Amino acid sequence: MASSDALLPISAREEDPLVSDGSRSDPNAETHRRKRPVKGLLAVSFGLLFIAFYVVLIATHHGSSRSNDVKIESDETATTTSRARLAGVSEKSNDQLWKLSGERNTVSFAWNNSVLSWQRTAFHFQPEQNWMNGPEPKRLVADQRSDRREPAETRRRPDPGPLFYKGWYHFFYQYNPNAAVWGDIVWGHAVSKDLIHWVHLPIAMVADQWYDANGVWTGSATFLDDGSLVMLYTGSTDKSVQVQNLAYPEDLNDPLLLKWVKYSGNPVLVPPPGILPKDFRDPTTAWKTSDGKWRITIGSKINKTGISLVYDTIDFKTYEKHDTLLHKVPNTGMWECVDFYPVSKTAVNGLDTSVNGPNVKHIVKASMDDTRFDHYAVGTYFDSNGTWIPDDPTIDVGMSASLRYDYGKFYASKTFYDQNKGRRILWSWIGESDSEAADVQKGWSSLQGIPRTVVLDTKTGKNLIQWPVEEIKSLRLSSKQFDMEVGPGSVVPVDVDSAAQLDIEAEFEIKKESLDKILGDSSVVAEAEEFSCQKSGGASVRGALGPFGFSVLADKSLSEQTPVYFYLAKGKDSKLKTFFCTDTSRSTFANDVVKPIYGSAVPVLKGEKLTMRILVDHSIVEGFAQGGRTCITSRVYPTKAIYGAAKLFVFNNAIDATVTASFKVWQMNSAFIHPYSEEAVRALSST
């Protein structure tokens, strides 16, 4: 048994980027603005000016490609822009890492090829090489999650149009074929029979028209009534205006959808009056209205209010804009990668995007450009006017207390309805937490999380349940079952082989006498109202009832480790509140890596044991608590706990409580992810 001294306190704490600064406290902020007639007049004038600009923009490009004298700029692009940013080259810098870590004058970690090679995942989807996902350059901001400086819009883009077609799952993604940094964005394309094993296909779409000259960005696929398929996607024009375009397969009989045709009348939508040219992106999958029209929503903002615009169409070529919004939330900033879909209140199956009715709730999700978090809310949709309201306005989309898909490294997510198995699948882009220099050295950047099924939690009715798709179990190899009591302050090695590719399912239970003692002891501090994983100090800080869980990707001496754990806190009402956390603060000796503590509260209902599942795949760790009520994804880059030196430990750092742990650990096989060839496609189709 190892000493609990290995769980040393860390010297710095991560600040919660969602702590309110008071700017979100006024629910009538929009009302106040409307009382100023001068601003209203300016808005009308501004809108008329935009209409004139866009008429000229489209006319000059459809009539002639010679005219370059029409320039549409937002207030954020009026200053001189570097050639690198205009070309789409990321301007990330490690300066922010040194500033925040206090190691400004320290030389960055000397990565070697052996360590970098180990970081590449074995069963998560990622390109063969280079950069996955990213948009056009814009203003520079400090990324609160990775603390690299980069253009604000290079921090996102969901995957364009995941879908199931003629026996194949298709995955389209933002891709730079030329480097491991953002730039030269095209659509990569891969196919699978089971969402686990993939074959890369030729590039699906490139930036070759004036209306997408600066990038083919996010898109969404919609199946029409006759079984045909259309794709709406955002293009960044040669003037860096965000417009929506239409594309469709060249051959609907081709199950691989190798070739795509862009509609000759593109763009089909341009920013409406009052919307800035770089604030109009990411069209959703369309859904049917009660009167037979198709409806989409597109993310944007007005001042600091995040909004979701609504359009109806019959043919996907002409559109009618609603005067009302699907939804808006003041002081949340730009909404991008908006998603909108139904969930059943009674069943655990997924629903087609057009389903509505009395036993249906609707989810609105938006990726927050200001914070780089994916927020969602459960609510009610009104088909008659295309609006939606949250069930609980105090946790509306984008608010500091609102729900998130994932409380770790997880952004620009997108769902699709899998008609093959009657389920809704969630994809997400998982970025890097290391330096850009390390990405360039290893030759790739970013990957995808394991696809998850998404359903409404029918027990609470207030949150979603996310769970890895069942197909991931096909990679399970040998397994071991463990049942043990873990006393206070204990760290116990788990006897498994190399721990770099694991699937862990566990149940924990605190002895009743320990719970009764703590709850009845007035000297135990009530901390549930103030506790947060991010500010707690991590797994090294001991409490009466936690932390306890697993240390994954740990070396033998625990000098490197990533704890994934529960922490139970006593409330002022003498009731317990459970938190699920991941502590990456000691995950690596490297100094050019951001190492946050992630986490959130997780609902635990009466009679439920504490349960968690952890997927470990080299540099990514995905944790799921209470069947998927709370999820945490993290990127870790150990320098010692790699290859055969990667170990697994179970620990209990509680002061008083003894924990019973019952868990099973599977070794995981690698997925078949191959470059394109007819032979590779045949091999995959035969599995």
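Residues numbered from 1 in each chain as written. Predicted model: local features only at pLDDT ≥ 70, side-chain atom pairs only at ≥ 80, totals over all residues. Heavy atoms only, no water.

Labelled according to an unreviewed UniProt entry, the protein chain appears under the name beta-fructofuranosidase, originating from Brassica campestris. According to the UniProt record, the Sequence similarities (unreviewed entry) comment for the protein chain is "Belongs to the glycosyl hydrolase 32 family." Looking at the Pathway (unreviewed entry) heading of the UniProt record, one finds this comment for the protein chain: "Glycan biosynthesis; sucrose metabolism." (UniProt positions renumbered as here; feature names shortened; annotations may be inferred.)

Asker: Outline the overall build of the protein chain, supporting the account with residue identities and numerical values.
Answerer: For the protein chain, the helix and strand inventory stands at eight helices and 40 strands. Residue burial in the protein chain is summarised as follows: out of 687 residues, 59% are buried. Summing over all exposed atoms, the protein chain offers an accessible surface of approximately 26100 Å²; the carbon and sulfur share of this is 52%. (Helix = DSSP H or I, 4+ residues; strand = E, 2+ residues; numbered from the N terminus. Buried < 20%, exposed > 50% of the residue type's maximum accessible area, 1.4 Å probe, protein only. Areas by Shrake-Rupley, 256 points an atom, 1.4 Å probe, with all protein chains shown as cover.)

Asker: Tell me what's going on with the packing of aromatic side chains, and back it up with residues and numbers.
Answerer: Scanning the model with the defined rule gives 35 aromatic pairs in all. Ring geometry for phenylalanine 340 versus tyrosine 381: centroids 5.1 Å apart, planes at 65°, classification edge-to-face. Within this pair, whereas phenylalanine 340 is found in strand E17 (residues 335-344), its partner tyrosine 381 is found in strand E19 (residues 373-382), the two being separated by 41 residues in sequence. Directly above the aromatic system of tryptophan 294 lies the positively charged group of lysine 288, at a separation of 4.9 Å from the ring centroid. (Phe/Tyr/Trp six-rings, centres within 6.5 Å; stacked < 30°, edge-to-face > 60°. Lys NZ or Arg CZ within 6 Å of the ring centre and 35° of its normal.)

Asker: Tell me about the sheet that holds strand E37 (residues 630-635), and name the residues and values.
Answerer: Sheet architecture is open: six strands sit in the order E28-E39-E30-E35-E36-E37, paired in antiparallel fashion. The open sheet has two edge strands with one neighbour each: strand E28 (476-486) and E37. Across the sheet, the mean angle separating the axes of adjacent strands is 15° when strand polarity is ignored. In this structure, strand E36 (residues 620-625) lies alongside E37, joined through six bridges in antiparallel fashion. When the bridges of E37 are listed, phenylalanine 624 appears paired with cysteine 631. (Pairing = 2+ DSSP bridges. Axes fitted to C-alpha atoms, helices over the stretch in contact; angles between N-to-C directions.)

Asker: I'd like a rundown of unusual backbone geometry, residues and numbers included.
Answerer: Cis geometry marks the peptide bond from asparagine 266 to proline 267; its omega dihedral reads 0°. Note that proline 267 resides in the loop between strand E11 (260-262) and strand E12 (287-288). The step from glycine 546 to proline 547 runs through a cis peptide bond, and the omega angle for that step is 5°. As for its placement among the helices and strands, proline 547 is situated in strand E31 (residues 545-554).

Asker: Describe in detail the side chain of lysine 442, supporting the description with residues and values.
Answerer: Mapped onto the secondary structure, lysine 442 falls in helix H6 (residues 436-442). Of the residues examined, lysine 442 reaches a relative accessible area of 13% and is grouped as buried. When neighbours within four sequence positions are excluded, lysine 442 is seen to be in contact with Leu116, Gln119, Glu432, Asp434 and Tyr637. (Contact = heavy atoms within 4.5 Å.)

Asker: Which residues make up the state of the cysteines, and what are the values?
Answerer: Applying the stated criterion to the full structure yields one disulfide. Here cysteine 533 connects covalently by a disulfide to cysteine 581, the sulfurs 2.1 Å from one another. Its S-S torsion of about -60° marks the bond between cysteine 533 and cysteine 581 as left-handed, since a negative value means left-handed. Placement of the pair is cysteine 533 in the loop between helix H7 (512-519) and E31 and cysteine 581 in strand E33 (residues 576-583), with a sequence separation of 48 residues. The class of cysteine 533 is buried, set by a relative accessible area of 1%. (Disulfide = S-S within 2.5 Å.)

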